[in-house]
Amino acid sequence: MLEHWDDFLAPYKQAVEELKVKLKGMRTQFEREHVHSPIEFVTGRVKPIVSILDKAADRNIPLDKLETEMQDIAGLRMMCQFVDDIKKVVELLRKRNDFEVIEERNYISQKKASGYRSYHVVIRYPVQTINGEKKILAEIQIRTLSMNFWATIEHSLNYKYKGDFPEDIRVRLQRAAEAAFSLDEEMSKIRLEIQEAQRIFSRKKENR
């Protein structure tokens, strides 16, 4: 397979592009109805080959089993303003009939030891190719903006230290994770005021 990475990754790239359009379309529908969108923005990527190989080695996944045993080669992220929005987004994903939800992992109510928080939904998505339908696994991560900020920093440090963080860095990351979650909780308490301010701002923009 190593000589044919482009062929192997092609359906994953197609899936990411299609899913980005579909998930962004959900936000557009909320905006059209002039109601609060639980979706702030959507990003997506296909895992780099080096990262695929590193993860396969760490998890003892044979290369001929990547399609069935590695769930996040195709990855999407859906950002929310408020923690409660995450539940709404998950419900919306469960109701869709253009893919199948096969696994959910709640790292918000059950955070990782590092402090990581996010909600992961693994789906089986049908990609239409000239050779017929191909169903692939993709992972959708739903998190708040503050959770994403923390996770992005932790991910960068993880590359530097290869998961073996010095004790002071590990403690500070955990404190930062709790601070980020405290921010989310405080914002949730004033969400009605925030949403009203955003509606006023949007109306002013439309009337200019």
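Keep in mind it's a predicted model, so treat the numbers as computed, not measured.

J.: Can you help me understand a nonpolar patch on the surface in this one?
T.: A surface patch of nonpolar side chains, amounting to about 240 Å² of accessible area, comprises Leu 183, Met 187 and Ile 190. On the secondary structure map, Leu 183 appears in helix α6 (residues 167-189).

J.: Got a minute to help me understand unusual backbone geometry in this structure?
T.: Glycine aside, residues mostly have negative phi angles, and peptide bonds mostly take the trans form. Here Asn 60, not a glycine, exhibits a phi torsion of approximately 55 degrees, which is positive. Positionally, Asn 60 belongs in the loop between α2 (49-59) and α3 (66-69). Overall, Asn 60 belongs to the exposed group, its relative accessible area being 67%.

J.: For this particular structure, what's the right way to read the sheet that holds strand β5 (residues 132-144)?
T.: For sheets, the rule is that strands pair by backbone hydrogen bonds, running either parallel or antiparallel. Taken in spatial order, the five strands of this open sheet run β1-β2-β5-β4-β3, and their pairing is mixed. Looking at the sheet topology across the chains shown, the edges are occupied by β1 (41-46) and β3 (100-106). Recorded for the sheet is a direction-independent mean angle of 25 degrees between the axes of neighbouring strands. Where β1 meets strand β2 (residues 74-80), six bridges bridge the pair, whose relative direction is antiparallel. Along β2, the bridge assignment pairs Val 46 with Ala 74. The strands touched by helix α4 (residues 83-95) within the sheet are β2, β3, β4 (119-129) and β5, with β5 carrying the most contacts at an inclination of about 165 degrees.

J.: Even after reading the chapter, I still don't get the pattern of salt bridges, so can you show me in this structure?
T.: When charged atoms on two side chains of opposite charge get close, those side chains can pair. Scanning the entire structure with this criterion turns up 18 salt bridges. In this structure, the salt-bridge partner of Glu 67 is Lys 134, at a minimum N-O distance of 3.2 Å. Here Lys 134 lies in strand β5 and Glu 67 lies in helix α3, a separation of 67 residues in the sequence. Among the ionic contacts, a cluster of salt bridges with common partners joins Lys 22, Arg 96 and Asp 98.

J.: When you look at α4 in this model, what are you seeing that I'm missing?
T.: All of the buried residues in α4 are Val 83, Asp 85, Ile 86, Val 89, Val 90 and Leu 93. Axial view of α4: buried residues confined to an arc of 145 degrees, hence all on one face. Projecting away from the buried face of α4 at angles above 90 degrees are the exposed residues Lys 87 and Lys 95.

J.: Honestly, the packing of aromatic side chains in this entry has me stumped. Any pointers?
T.: In this description, an aromatic ring pair is defined by two values, namely the gap between the centres and the angle between the planes. Tallied over the full model, the rule gives four aromatic pairs. An angle of 65 degrees between the planes, with centres 6.0 Å apart, marks the rings of Tyr 161 and Phe 165 as edge-to-face. Among the aromatic residues, those joined into a ring-pair cluster are Trp 5, Phe 8 and Tyr 12. One cation-aromatic arrangement involves Arg 117 over Phe 181; the distance from NZ or CZ to the ring centre is 4.0 Å.

Calculation criteria
- Within each chain, residues carry numbers counting from 1 in the order of the written sequence.
- It should be noted that, the model being predicted, local features are given only for residues of pLDDT at least 70 and side-chain atom pairs only at 80 or more, the latter also being counted only at that level, while totals for whole chains, interfaces and linings use all residues.
- Only hydrogens and water are removed before side-chain values are computed, so all heavy atoms of the structure are retained for them.
- Patch criteria: residues need more than 30% relative accessible area and no salt bridge. Like-charged residues are merged within 9 Å; nonpolar side chains of Val, Leu, Ile, Met, Phe, Trp and Tyr are merged within 5 Å.
- Here, Shrake-Rupley sampling with a 1.4 Å probe gives the accessible areas, and only protein chains in the shown set may cover a residue.
- Salt bridges are defined by distance alone: a side-chain nitrogen of Lys or Arg within 4 Å of a carboxyl oxygen of Asp or Glu.
- Per the convention used, a helix needs a DSSP run of H or I reaching at least four residues, while a strand needs a run of E reaching at least two, with both numbered from the N terminus.
- Throughout, exposure labels follow a simple rule: accessible area from a 1.4 Å probe, protein chains only, divided by the maximum for the residue type, with under 20% read as buried, over 50% as exposed, and the rest as partly exposed.
- Pairing between two strands is assigned when DSSP locates at least 2 bridges connecting them.
- Here an angle of 0 to 180 degrees is reported between the N-to-C directions of two axes, which are lines fitted to C-alpha atoms, with helices fitted over the stretch in contact.
- In this analysis, two residues are considered to be in contact whenever any of their non-hydrogen atoms come within 4.5 Å of each other.
- Arc definition: it is the arc formed by the directions from the helix axis to the C-beta atoms.
- Each aromatic pair joins two rings of Phe, Tyr and Trp (for Trp, the six-membered one) with centres within 6.5 Å, and gets the label stacked for planes under 30 degrees apart, edge-to-face for over 60, and tilted for any other angle.
- We call a charge positioned above a ring when the Lys NZ or Arg CZ atom is no farther than 6 Å from the ring centre and deviates by at most 35 degrees from the ring normal.

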